[in-house]
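# A structural walkthrough
If you want the building blocks of each chain, they are given just below.
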Amino acid sequence: SLCVCVCGCHHKPFIPQCREELPRPYHPLPSLHFTMAERGPEYGDLAERNAKLAAKFDNTLAASIFGWINETAGTDLSGDFQEALKDGQALCKLINALAPGSVKGISASKAPFKQMENISKFLEALPAYGVRQTDLFQTAALFEGTNLAQVLSTLENLRRIAAQKADGVDVPSQANSSSVFQKKDKVDKWLPKRGGAPLADKKDKPLAEFNKFTEKEGAGKEGNAYGDLAERMAKLDAKYDKGLEDELRTWIQGQTGKTVGEDFQESLKDGVLLCEVANKNGASIKINTNKMAFKQRENIDNFLKFCDTKGLVSSDKFQVTDLYEGSNMVQVLTTLNALQRKC
C-alpha cells in the first residue's frame, strides 16, 4: 500500500510497524548513523537515567524525521541529531512550512541564548498547530541533549498531525489547553524547593489528591521527578547546606546592597543579582532586566563567563539549567562559595 506524505508524493513501501492511526511519511534515505550528542562523564543515578534515555533513542526514526524535515522545509540535515537541530533554525523553518508565519525572525546567530530562543519559538508555535502541551519537549532537552528521545517523540507527533491535515482531517488547536507545566502555580506549594520555602501544610491539599493530579496531567513527563530522577534529586536535596546558603545570601546582599529573598533559587534565577556581583568585582556585564527566559539565561551565562576570569575550574561551576530550573542548587552553592573566596 501507499504511504501518503505531507508533500503529496506517494512512496513505497508502507511502514507496517507504524503504531499511529495513519501511516507515517517515509522517505528513502542513505544509510546514516545518528548518535546522542557526546557529553561529559556522568555517574550514579544520572548516568543510569541518561543511559535509559539513550536506549529509547531510535536511530531509524531519527533518519526518517530528518528526511521529512528536509523534504518539508527544504533543509539539508545530516549527521548528529542534536547538533543538527540545536540552533533551532531548521525547526523554525519546518513549522513555517507547515503553518506559514508561525515564527517570525529566525536567528542565525551562534550565541546560545539566540539558538535557545529559536527552539522556544518553535515550541510555542506547536500548540496552535495541534500538538498537545504535554507532548512538547523542553528547550534544554534539545539544546543540552538531556532528552533527545522526547525531542523525537514531539517531532513524530508533529509529523503525524501534519499527515492528518494533509489528508483533510480537522485537527483542533491546542493553544488554549493546559498542561502540568502551565499549572505549575497549582502544585508548587506542595513540592519541596531546593534552597527555598518548606512544604505547605499537607492539610492544604491531601497527598492523594496531588498524586491524582500529577498522574492525570502527565506523570513521567520531563518537568516532574519520578523514579531514578526523583531519587537523584532527593539525594541532592539531602546534600543542600542551608547554613552555606545563608552565608552566601549575606555575601550577595553585601556586594549588591539588595535583598535576596527566602527562596534562594527564585531570587537568583534571572541572573540579575549574579551579574551585579560580577560587576562589583571588575566585570562590565550589560544586565538584562527582561523577563523573557532566554534573556535571564543570558545573564546567568555571562556570570559564568565572569567566573572563568576569576579562575574557577569546570568542576566548581554550575550549568545554566542548574540554577534556572533549580535542578542542582548544590552545585550553585559550590560555585558561589568558590567565587566568594576569590573576590
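Residues numbered from 1 in each chain as written. Predicted model: local features only at pLDDT ≥ 70, side-chain atom pairs only at ≥ 80, totals over all residues. Heavy atoms only, no water.

## Structural notes on the overall build of the protein
Scanning the protein from terminus to terminus reveals 16 helices and 2 strands. By residue count, 49% of the 343 residues in the protein fall in the buried class. Taking as baseline every contact in the protein between residues at least 6 positions apart, the subset at least 24 positions apart corresponds to 58%. Accessible surface, the protein as shown: approximately 17200 Å² in total, 50% of it carbon and sulfur. (Helix = DSSP H or I, 4+ residues; strand = E, 2+ residues; numbered from the N terminus. Buried < 20%, exposed > 50% of the residue type's maximum accessible area, 1.4 Å probe, protein only. Contact = heavy atoms within 4.5 Å. Areas by Shrake-Rupley, 256 points an atom, 1.4 Å probe, with all protein chains shown as cover.)

## Focus on the packing of helix α14 (residues 293-309) against helix α16 (residues 329-342)
Two numbers describe how α14 lies on α16: the axes approach to 11 Å, and their chain directions differ by 45 degrees. By the criterion of interaxial angle, the relationship of α14 to α16 is oblique. Crossing geometry of α14 relative to α16 is assigned as left-handed. Of the residues in α16, those in contact with Phe303, Phe306 and Cys307 of α14 are Thr335, Leu336 and Leu339. Residues belonging to the contact of α14 with α16 are distributed by class as follows: 5 nonpolar, 1 polar and no charged. (Axes fitted to C-alpha atoms, helices over the stretch in contact; angles between N-to-C directions. Parallel < 35°, antiparallel > 145°, perpendicular 65-115°, else oblique. Left-handed = near helix turned anticlockwise from the far one by under 90°. Nonpolar A, V, L, I, M, F, W, Y, C, P; charged D, E, K, R; others polar.)

## Side note on the packing of aromatic side chains
For any pair of aromatic rings, the description consists of the separation of the ring centres together with the inter-plane angle of the planes. Within the structure shown, the criterion is met by 6 aromatic pairs. Ring geometry for Phe303 and Phe306: centres 6.4 Å apart, planes at 40 degrees, overall tilted. Residue Phe303 and its partner Phe306 are both found in helix α14; the two are separated by 3 residues, about one turn of the helix. Neither residue differs from the other here; Phe303 and Phe306 are each classed as buried. Ring geometry for Phe303 versus Phe318: centroids 6.4 Å apart, planes at 20 degrees, classification stacked. Of this pair, Phe303 sits in helix α14 while Phe318 is found in the loop between α14 and α15 (320-324), placing the two residues 15 residues apart along the sequence. Note on Phe303: relative accessible area 0%, which makes it buried. Look at Phe318 and you get buried, because its relative accessible area is 3%. Members of the aromatic cluster, connected to one another through ring pairs, are Phe57, Phe66 and Phe81. Positioned over the ring face of Phe143 is Lys86, at 4.5 Å from the centre of the ring. (Phe/Tyr/Trp six-rings, centres within 6.5 Å; stacked < 30°, edge-to-face > 60°. Lys NZ or Arg CZ within 6 Å of the ring centre and 35° of its normal.)

It is worth stressing that arrangement in space is one thing and function is another; only the former is reported here.
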